[in-house]
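Structural description and commentary
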Amino acid sequence: MTYDTELKLFIDGSWRSGEGRDAFTVVNPATGGGIGEVPLASTADLDEALAAAQRAYPLWRATDVEKRSAILRKAGALLRERADAIARLLTQEQGKPLAEARGEVIGAASMFDWYAEEIKRDYGRTLVRPAGQRAIVLREPVGVVATFTPWNFPIYLLAKKVAAALAAGCAVISKPPEETPGCTGALARALDDAGLPKGVFQLVHGVPDQVSRHLIGSRIVRKFSFTGSVPVGKALMKLAADSMTRVTLELGGHAPVLIFDDCDLDKTLDMVVPQKFRNAGQVCVSPTRFYVQESIYDAFITGFAARTAKVVTGDGLADTTSMGPLANARRPAAISALVDDAKAKGARVMAGGERGEGGFFFQPTLLADVPLDADIMNNEPFGPVAVTARFKDFDDAIAQANRLPFGLAAFAFTENGRRANLLGDAIEAGMIGINSFGVSSADSPFGGVKDSGFGSEGGKEGLETYQVVKAIHQA
Ligand code: NAD
């Protein structure tokens, strides 16, 4: 299947091709071969993007909310219409199976649908004052926004930030991941075709460190939102201090999953195994540290291994594939190192454990009895590896779940309603799924605590993150 797209920058309403610019080779992770060249923004391009956003911002902010909403709704509709073609680009660039890619594009469209409506209900507040006096609290757009998004859900994560920021009335400069420029370019195309005025949205690929320094360091960008790793998030936050730029950081997790002995074991296993290997485990809320109550530990790992053996790894474009390759050449190497370290420290390999053939494949892997000092118990693998250990009772389970400096998502399986409530209270995480993995939706806040970052995406909180408040007092 051909990789059928033009890779360009989008600045001030015009598409810029590669002439005279440096380029990055886009690689299909299923083969390891190059499939395209994406142009990288020069400093002059970034300055043009900043100037265009600065010009467009006051006009977009002043645009009637019905019109802003209609453009966002149209962009969502175009993404749905084009979902099959965009999904094929995504699979070729990132590796995930086609059905997952299509689901991601539909999820991106749902962000535009939701924020197109939510902005209409952005009422502000009126405070109680003596007769004849008024005090009101308004929420206003923060200004020009920069977004930095990763390669694991390249179109969904971009849409989550951009839909909320545009709904709020901000102008946006986005740096998507260079690995997946075709599908993110399709999002820019949908906004352009939906009638978004020029300069309101720009898409700039580039060398990540150069682009983020330039944009965050400018006095034009008033807020940025980053999704990616903890070290990069911390580095960007330091840059933001100098320019007093507001920040939302959605960083990594290392999600614990507590499996209590009163859960419905077969049903639980049927849910957890596909979730673990979704997007080859490259999900910031991927279930990873499985703590299982002692009495059902052996049955759990036996059932997990049997289901893992049925996962079909291959090119995401093939109908039979249930798990694709990892997204880039760095990932199999990183995961091999974590698995080898765990084995050396006494973990048992119950399934997989090796790199696959060709491309950037790694086998779906299950490790049992993983000791606490194994690197993989402490650092997010961000790959197709489940690690398991035993727990004795509720307090032990909570201690294990909360022992790391991360707190993005956590999951628990139990049929005991009171225990479910206590778990919800005791686990330190931004999102908790109990008998469920559905912790990300357009209408609910998504974000972490501790080293997993701060600020929310999704829900009304996701809109507020692109707003500032102003109180007006009238005597
Ligand atoms: P990385 O830290 O180098 O990059 C992560 C993302 O941040 C990439 O998209 C990259 O383009 C971007 N980035 C890197 N440096 C940047 C900078 N200075 N300014 C702006 N953007 C920058 O790591 P990686 O090798 O791509 O991925 C490894 C780890 O990153 C994973 O193990 C995982 O923990 C984390 N990660 C998390 C998420 C998430 O959804 N939270 C997504 C992707 C990667």
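Before going into details, it helps to say that this report is about the structure given with it. (Residues numbered from 1 in each chain as written. Predicted model: local features only at pLDDT ≥ 70, side-chain atom pairs only at ≥ 80, totals over all residues. Heavy atoms only, no water.)

1. Details of helix α1 (residues 43–62)
An ideal rise of 1.5 Å per residue puts 28 Å on 20 residues; α1 measures up with 29 Å between its terminal C-alpha atoms. Its axis deflected by about 35° at A56, α1 carries its strongest bend there, up to four residues before the proline P58. Among the residues of α1, D45, L46, A49, L50, A52, A53, A56, Y57 and W60 are the ones counted as buried. (Helix = DSSP H or I, 4+ residues; strand = E, 2+ residues; numbered from the N terminus. Expected span 1.5 Å × (residues − 1). Bend = angle between axes of the 7 residues up to and from the residue. Buried < 20%, exposed > 50% of the residue type's maximum accessible area, 1.4 Å probe, protein only.)

2. Description of the site of the ligand
Surveying the vicinity of the ligand reveals 20 residues, the closest of which are W151, S212, S229, R330 and E380. In the environment of the ligand, an oxygen atom lies 2.4 Å from a nitrogen or oxygen atom belonging to the side chain of S229. E380 has a polar side-chain atom sitting 2.6 Å from an oxygen atom of the ligand. Protein chains bury 84% of the 800 Å² of accessible surface belonging to the ligand in isolation. Given that more than half its atoms are within 2 Å of the pocket grid, the ligand belongs to the largest pocket. Broken down by secondary-structure element, the contributors of at least two residues to the shell around the ligand are α7 (208–217), β10 (221–227), α8 (230–243) and α11 (330–344). The element that contributes the greatest number of residues to the shell around the ligand is α7, accounting for three residues. Tallied by class, the residues present in the shell around the ligand amount to nine nonpolar, six polar and five charged. Mapping the shell around the ligand onto the domain boundaries places at least three of its residues in each of domain 1 (9–251 + 452–474) and domain 2 (255–441). (Near = heavy atom within 4 Å. Polar contact = N/O pair within 3.5 Å; in protein donor to acceptor, adjacent residues only side chain to side chain. Areas by Shrake-Rupley, 256 points an atom, 1.4 Å probe, with all protein chains shown as cover. 1 Å grid on protein atoms, 1.4 Å probe; cavity = no way out; pocket = protein on both sides within 12 Å on 5 of 7 lines; lining within 4 Å. Sits in = over half its atoms within 2 Å of the grid points. Nonpolar A, V, L, I, M, F, W, Y, C, P; charged D, E, K, R; others polar. Domains from an automatic or database assignment.)

3. Looking at the state of the cysteines
One covalent bond between the sulfur atoms of two cysteine residues makes up a disulfide. Inspection of every chain in the model, using the stated rule, returns zero disulfides. Lacking any disulfide linkage, C183 is separated from the closest cysteine sulfur, that of C284, by 16 Å. (Disulfide = S-S within 2.5 Å.)

4. Structural notes on the packing of helix α5 (residues 154–168) against helix α6 (residues 181–193)
Remark: α5 packs on α6, axes separated minimally by 9 Å, with the N-to-C direction vectors making an angle of 30°. In terms of their interaxial angle, α5 and α6 are classed as roughly parallel. As for how α5 packs across α6, the hand of that crossing is right-handed. Each of P154, I155, L158, A159, V162 and L166 in α5 lies in contact with α6, whose residues at this interface are C183, T184, L187 and L191. Counted by class, the contact of α5 with α6 contains nine nonpolar, one polar and no charged residues. (Axes fitted to C-alpha atoms, helices over the stretch in contact; angles between N-to-C directions. Parallel < 35°, antiparallel > 145°, perpendicular 65-115°, else oblique. Left-handed = near helix turned anticlockwise from the far one by under 90°. Contact = heavy atoms within 4.5 Å.)

5. Some points on the nonpolar core
Core analysis: the largest hydrophobic core is formed by 116 residues, its most contacted members being F112, F201, L258, V285 and F304. In terms of residues, this core owes the most to one element, α5, which gives 12 residues. Two domains each donate at least three residues to this core, and these are domain 1 (9–251 + 452–474) and domain 2 (255–441). Ignoring anything within four residues of it in the chain, the contact list for F201 reads F10, V162, V172, S174, L187, A188, L191 and L196. A49, L215, V221 and L236 belong to the second-largest nonpolar core, a separate cluster that totals 28 residues. (Core = buried A, V, L, I, M, F, W, Y, C linked by side-chain atoms within 4.5 Å.)

6. Digging into the environment of L423
Tracing the backbone shows L423 in helix α13 (residues 417–426). Residue class for L423 comes out buried when judged on its relative accessible area of 0%. Each C-alpha atom of the pair L423 and A410 lies 9.9 Å from the other, and the pair is 13 residues apart in sequence. Those residues in contact with L423 that sit more than four places away from it in its chain are L258, F260, F394, I398, A412, T414, I432 and I434.

7. What about the packing of aromatic side chains?
The way to describe two aromatic rings as a pair is by their centre distance and the angle between their planes. Within this structure, the stated rule accounts for 12 aromatic pairs. Considering the side-chain rings of F277 and F304, the 6.4 Å spacing of their centres and the 90° angle between planes classify their relative orientation as edge-to-face. You can see F277 sitting in helix α9 (residues 265–277) and its partner F304 sitting in helix α10 (residues 297–308), a full 27 residues away along the chain. For the pair formed by F277 and F304, the shared burial category is buried. Considering the side-chain rings of F290 and F304, the 5.4 Å spacing of their centres and the 80° angle between planes classify their relative orientation as edge-to-face. Of the two residues, F290 is situated in strand β13 (residues 289–293) and F304 in helix α10; the sequence distance between them amounts to 14 residues. In terms of burial, F290 and F304 fall into one category: buried. Taken together, the ring pairs connect F277, F290, F300 and F304 into an aromatic cluster. One Lys or Arg, K160, reaches over the ring of F446 and ends 3.9 Å from the middle of that ring. Here the guanidinium or amino end of K223 rests over the ring plane of Y466, the centre of that ring lying 5.5 Å away. (Phe/Tyr/Trp six-rings, centres within 6.5 Å; stacked < 30°, edge-to-face > 60°. Lys NZ or Arg CZ within 6 Å of the ring centre and 35° of its normal.)

8. A word on the pattern of salt bridges
Inspection of every chain in the model, using the stated rule, returns 29 salt bridges. Close ionic contact of E104 with K96 constitutes a salt bridge, the shortest N to O distance being 2.4 Å. Looking at E104, the relative accessible area reads 5%, which means it is buried. As a salt-bridge pair, D266 and R307 come within 3.3 Å of each other at their nearest N and O atoms. Of this pair, D266 sits in helix α9 while R307 sits in helix α10, and the two are 41 residues apart along the sequence. Several salt bridges converge on common partners, so that one network encompasses D122, R139, K460 and E464. (Salt bridge = Lys/Arg side-chain N within 4 Å of Asp/Glu carboxyl O.)

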